[in-house]
Structure formats: C-alpha cells, structure tokens
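Fold and contact review
Each chain, letter by letter, is given below.
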Amino acid sequence: MPSGRFPPVPSARAATRAPLVLIADAHEWFSRAIETVLVPGGYSVLKAYTAQGLLRQVEMSEPDALILAVDLPGGDGLNLCRLLRADGRVTPSTPIILTQPTPTTRRQMLAALRAGAGDLWGQQLDAEELLLRLTAQLRAKAHADHAWAEGLVDATTQLYNARGLARRVRELGAEARRRAAPLACVAFAVEEDAGQSGTGADAARQLAERLAEALVDRPRRATVMRAEFLAGYDAVADAAAPKFDPATLLAHASAALATATRDPAGGRIRQYENGSRRV
C-alpha cells in the first residue's frame, strides 16, 4: 500500500487549479457532450468508461465531483456510489451525480440518494442547469472541506493534529485491510510527537532513520541535532487480520515514542513492545 501519503487540505488543493470533474460513462458521445459544457465553464474533465477505470481515476486524481452512469460496465452505479462514499479519497462533501438515459422515478431518486448520490439525472441535460447545480454543490463542498480541514489540521504548522492523525490512520487501515497488506505507524519527535506513516515494520524503522538523517544532515545553522531526534513505531503483517484496529498502531507508535523519550539511552528509535511480545 502507499506509505506516508497524507492528502493535502482540500480547500488549498482546490484553490490551485480548476475544479476537476470525473465523468464515468460507457458512451463517448455522452461524455463529450458534458465536457463541451463543463470546460468552457471553467472545469477540468477526466473520463472513464468502466467501473475499473472509474476507481483507478479516483485513486490517481481525487476529483472534486463525479458524474456517474447507473449502468456503467463492470459495476452497478448504486453500488459504485456506496463504494466511493467509503473511499477516503472521496470526501463526504464531494458531489456524486448519477445519470441514466430514461426519465427518473421517485423510487429511483430515493435509491440514488440512499446510496450517497447528490442527484439523479435522466434524459436530456440542460447545460445551464448542469453548470448551476455543479457550482452550487462545489461551493458547498469548499465550505465543508474548509471546516473539515480546520478541525483536522493544525493552523500554525498545517500538519495533521491528533484528531487528523486518527482519521488518516483509519483511512490507511481501511485501504490496507482491503488489500490484506502490511501496515505500520511511525511517531517521531524533536521536542513533541509529530507524525505517522503506514508501511511494513522494517520500512517503518528505515523511515524513522531517514528522517533522523535528513534532519542532522542539514547545514549547521539548523537547530535540530540527531541527539534530539526520537521515534517510535509499530506494524502488522496483514491489516486484514480479524479484530485488527488500525487506530492501535498510532497508539502503539506513540507509546514506543514515550518509552524512547523516558529512556533515550535504550534506543532513540523504538519498536512497540508489550511485555515479552514484540509486535
């Protein structure tokens, strides 16, 4: 699984480029028709034609909004919508709009809303209405993302706070669980504990060592010295193991860091230990 990959603050990311809309539909003519409306309206567009392509594009690009056909090849649109809502790369405020070639019924609209979609469009789309709806939804997303970021990111450092770290480790844990992949957490500090990363146990220690080297190899004007660097880490070989809670990695790494802080002579980079059992 990718390690140490912290997503940027959503509002800051959105401010650096045009809003990115991912269109997932098997019909190229339909995607092009929407693209000809969105691009002049100031949007960037990516396209996918299958469920697999949709999920791959979401992983690579983290779109600001998704327009998704209910009959996308390789996956039912409602199930894909639920899957996307459970994905850490799609925030709760990210607009997901489902489309179908026939008129929508009340039953279909309710099913789409229950699956996590913001709307269900049928038949022909009005270009002006499309732009107005997207603009309104993305404006709401920007406000929600800003509030989310303020609650999870320290205003001074722009790094995750404890709440943000806990959320991120749950997201990484969910991804590792889906892949039955290894997962690890590193907590490090110069004066206070600061961060975490997900990867294997050996690589987790290597990460801590690289961080220490990077700090001490800076010019002499740097105030951080190796003697002041402390780290703790923990890992599991298979995140899909029964009853595994990824939040425990953060707690274990923090505990190992606390041990290193109390007794640096015993090792400044410590792996979490519980009695005689090394995790």
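Before going into details, it helps to say that this report is about the structure given with it. Note that this is a predicted model, so its numbers are computed, not measured.

**Remarks on the overall build of the protein chain**
Assigned secondary structure in the protein chain consists of nine helices and ten strands. The buried share among the 279 residues of the protein chain stands at 41%. Pairs at least 24 apart in sequence give 62% of the contacts found in the protein chain among residues at least 6 apart. Accessible area for the protein chain stands at about 14900 Å²; split by element, carbon and sulfur atoms hold 54% of it.

**Here we look at the packing of aromatic side chains**
Scanning the model with the defined rule gives one aromatic pair in all. Judged by centre distance (5.9 Å) and plane angle (90°), the rings of W29 and F30 are edge-to-face. Relative accessible area serves as the criterion here: at 14%, F30 is assigned to the buried category.

**Some thoughts on the pattern of salt bridges**
All told, the structure shown has six salt bridges when counted by the stated rule. With its nearest N and O atoms 2.7 Å apart, the salt bridge here joins R32 to E28. Placement of the pair is R32 and E28 together in helix α2 (residues 28–38), with a separation of four residues, close to one helical turn. The exposure class of R32 is exposed, given its relative accessible area of 51%. The class for E28 is partly exposed, based on a relative accessible area of 25%. Each of the salt bridges in this network shares a partner with another, and the network as a whole consists of E28, R32, E35 and K47.

**Quick word on the environment of P63**
Along the chain, P63 falls in the loop between α3 (51–61) and β3 (65–69). In this structure the C-alpha to C-alpha distance between P63 and S44, which are 19 residues apart in sequence, comes to 9.6 Å.

**Topic: the nonpolar core**
Note on soluble globular proteins: their nonpolar side chains tend to be buried together. In terms of nonpolar packing, the biggest core is built from 20 residues, with L183, F244 and L249 touching the most fellow members. The leading source of residues in this core is helix α9 (residues 247–262), at five residues. By size, the runner-up hydrophobic cluster in this structure holds 19 residues, among which are L72, L84, V90 and I96.

**Focus: the packing of α3 against helix α4 (residues 77–85)**
Helix-helix packing is characterised by the crossing angle of the two axes and by the distance between the axes. Between α3 and α4, whose axes approach to 12 Å, the crossing angle comes to 20°. Relative to α4, α3 is oriented roughly parallel. Here the hand of the crossing between α3 and α4 comes out right-handed. Together, A51, L54, L55 and V58 of α3 and L80, L83 and L84 of α4 make up the contact between the two elements.

**Comments concerning α4**
Burial in α4 covers these residues: G77, L80, C81 and L84. Across the axial projection of α4, the buried residues extend over an arc of 105°, all falling on one side. Where α4 begins, the side chain of D76 points an oxygen toward the backbone nitrogen of L78, at a separation of 3.1 Å.

Rules of the game
- Residues numbered from 1 in each chain as written.
- Predicted model: local features only at pLDDT ≥ 70, side-chain atom pairs only at ≥ 80, totals over all residues.
- Heavy atoms only, no water.
- Helix = DSSP H or I, 4+ residues; strand = E, 2+ residues; numbered from the N terminus.
- Buried < 20%, exposed > 50% of the residue type's maximum accessible area, 1.4 Å probe, protein only.
- Contact = heavy atoms within 4.5 Å.
- Areas by Shrake-Rupley, 256 points an atom, 1.4 Å probe, with all protein chains shown as cover.
- Phe/Tyr/Trp six-rings, centres within 6.5 Å; stacked < 30°, edge-to-face > 60°.
- Salt bridge = Lys/Arg side-chain N within 4 Å of Asp/Glu carboxyl O.
- Core = buried A, V, L, I, M, F, W, Y, C linked by side-chain atoms within 4.5 Å.
- Axes fitted to C-alpha atoms, helices over the stretch in contact; angles between N-to-C directions.
- Parallel < 35°, antiparallel > 145°, perpendicular 65-115°, else oblique.
- Left-handed = near helix turned anticlockwise from the far one by under 90°.
- Arc of directions from axis to C-beta.
- Polar contact = N/O pair within 3.5 Å; in protein donor to acceptor, adjacent residues only side chain to side chain.

Any functional reading would require information that these geometric values do not contain.
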